[in-house]
Amino acid sequence: MTNERPIEDARCWLLDTSDKEVAVHVNYHGSPLTTIKPEEDQPAFTIDSDASGIYGTYTFEAVEKDDPDDTVLASVSVLFEENDSYAAVFRQVDDAEYEFSIYENDFSPSGDSRFEIRHTGFAEEIDWTLEPKPEADPRIPDDDRSGTLQRGEWQQAIDVTENEYRLEILVDGEVIAFRQDLELEANRMIVVYLVGDPKPWMGSDEKEGHIFRQEYQIQTGERREDEVTPPADPYTETDDNQTIEFDLDPVELYHTNRTEVEIAATDPDGIVNDLAIESAEPYSDGFTIPDESVDRAFAIGGETTATLLVQPKVPPASYEVDIVSNPASLGERAVATLPVEVEPVTVDRLQVLVDSYHAADEMTDAIASQLTDDLDHAGEHLQDGETAAACSDLKQVVDTVGEYKDEGISETASLDLETETKALRAYLGCG
């Protein structure tokens, strides 16, 4: 493949050089992003700033394909910013141990060609040699390169003379893999990976199948001194993804109220693209987060806010509302629980409303006195277990409010008291 440096996005090739096929999960999402296996056609994971992809720290998890337990074999995290280019390699490091290693792709200018080898095979140590093929152009000076790598390490041969080369990889002096037609060209970086656990070569060309090859386009620059760089570790092999922080204050309300609550979330090393309700226990469809209420952060570490609406139809109960970050993108997925206490309307609640509207001159003294008497009687009957009598008292409250609407009691007060008194009657099971 030939690839230029990403512009206005970031890119990561997902490679499998192990002995098994794995499903790759991104940022703790339940469904895998893709499945990879030890073959050369590997998918590229692209990130940009649109709705489906956001910059920040991403975690890759490898799970053996069709594993019912979804056991994570290896994971790694890496920060993606604009123009980044990586390879994430799932590789075997022991009989039953695996790692995910991130390698950074080098697009720095070169005066000729550049060669990089990444030891992602099973052997503990390899030697490698890069020599011009015997039939290579005799007019071009020989440019032999070689090195030694421990498992996971990589090296570069800088400013290799453009020509046709044979690459050999050896363990204990025995050839275990080779590429005999490796053509290095100017303005190209060739990257190769050792795959699996090949054994010493016995004369079969199948050893070429143990080497992945990638090709990247690079800019022409000043020629540098020819060298093989010292062995280096992968860019990262650690799983370090900071936890999303939610700002959720517990909510208390009466079940007749429509309430708006601001919620917020921050990803210290990423961006929260969206917030949504994952579930409510016990279930109610009266909890919503309107799309238009989400104010998304546009920088890593910024705060994303949204509005949680609680509709009057939510029945009285103690709820646990699970809020999820990035529900429809590949940004980090995290869930936090918001406690919501929906209280039933009570006689005391109605009395508080009467007192507050009376104090605000939204009902006359006579109406306030009448409503207070009816509510006192309702409270006494409920305390004595006389529900039918209490229902009758509350019906009188509704009738009084309706009779004097706009004639001694404001429209707002009458509507509020009527709604809440009817809600209490429904809660008590009044006919």
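Now for a description of the structure that goes with this document. (Residues numbered from 1 in each chain as written. Predicted model: local features only at pLDDT ≥ 70, side-chain atom pairs only at ≥ 80, totals over all residues. Heavy atoms only, no water.)

### Focus on the pattern of salt bridges
Thought 1: Applying the stated rule across the entire model yields 21 salt bridges.
Thought 2: A salt bridge links Glu21 to Lys65, with the nearest nitrogen and oxygen atoms 3.4 Å apart. In this pair, Glu21 sits in the loop between strand S2 (10-16) and strand S3 (22-26) while Lys65 sits in the loop between strand S6 (56-64) and strand S7 (72-80), placing the two residues 44 residues apart along the sequence.
Thought 3: Judged by its relative accessible area of 26%, Glu21 is partly exposed. (Salt bridge = Lys/Arg side-chain N within 4 Å of Asp/Glu carboxyl O. Helix = DSSP H or I, 4+ residues; strand = E, 2+ residues; numbered from the N terminus. Buried < 20%, exposed > 50% of the residue type's maximum accessible area, 1.4 Å probe, protein only.)

### Quick notes on the state of the cysteines
Thought 1: Summed over the entire model, instances satisfying the criterion amount to one disulfide.
Thought 2: The disulfide partner of Cys391 is Cys430, and the S-S distance across this bridge is 1.8 Å. With the S-S bond torsion at -75 degrees, the cross-link from Cys391 to Cys430 turns out left-handed. Taken together, the residues Cys391 in helix H3 (residues 387-403) and Cys430 in the segment after helix H4 (411-428) connect sequence positions 39 residues apart. (Disulfide = S-S within 2.5 Å.)

### Some words on the packing of helix H1 (residues 347-359) against helix H2 (residues 365-383)
Thought 1: Look at H1 against H2: their axes get within 10 Å of each other, and the N-to-C directions meet at 170 degrees. The angle between the axes of H1 and H2 places the two elements in the roughly antiparallel class. Along its contact with H1, which presents Val347, Leu350, Gln351, Val354 and His358, the element H2 presents Asp365, Ala368, Leu371, Thr372, Leu375, Asp376, Ala378, Gly379 and Leu382. (Axes fitted to C-alpha atoms, helices over the stretch in contact; angles between N-to-C directions. Parallel < 35°, antiparallel > 145°, perpendicular 65-115°, else oblique. Contact = heavy atoms within 4.5 Å.)

### Describing the environment of Gln383
Thought 1: Tracing the backbone shows Gln383 in helix H2.
Thought 2: Given a relative accessible area of 69%, Gln383 falls into the exposed group.
Thought 3: In this structure, the C-alpha to C-alpha distance between Gln383 and Asp247, residues 136 residues apart in sequence, is 40 Å.

### Overview of H2
Thought 1: Spanning 19 residues, H2 covers 27 Å between terminal C-alpha atoms, matching the ideal 27 Å at 1.5 Å per step.
Thought 2: As for H2, its buried residues are in contact with H1, H3 and H4.
Thought 3: Note on H2: the residue one or two positions beyond its end, Gly385, has a positive phi of about 80 degrees. (Expected span 1.5 Å × (residues − 1).)

### Some words on the side chain of Thr304
Thought 1: By the secondary structure assignment, Thr304 is in strand S24 (residues 303-310).
Thought 2: Judged by its relative accessible area of 0%, Thr304 is buried.
Thought 3: Polar contacts involving the side chain of Thr304 include one to the main-chain carbonyl oxygen of Val272, which spans 2.7 Å.
Thought 4: Side-chain polar atoms of Thr304 contact the backbone nitrogen of Ala297, separated by 2.9 Å.
Thought 5: Those residues within four positions of Thr304 in sequence are excluded, and the remaining contacts are Ile263, Ala264, Ala265, Val272, Leu275, Val294, Asp295, Arg296 and Ala297. (Polar contact = N/O pair within 3.5 Å; in protein donor to acceptor, adjacent residues only side chain to side chain.)

Any link to function would need more than the numbers given here.
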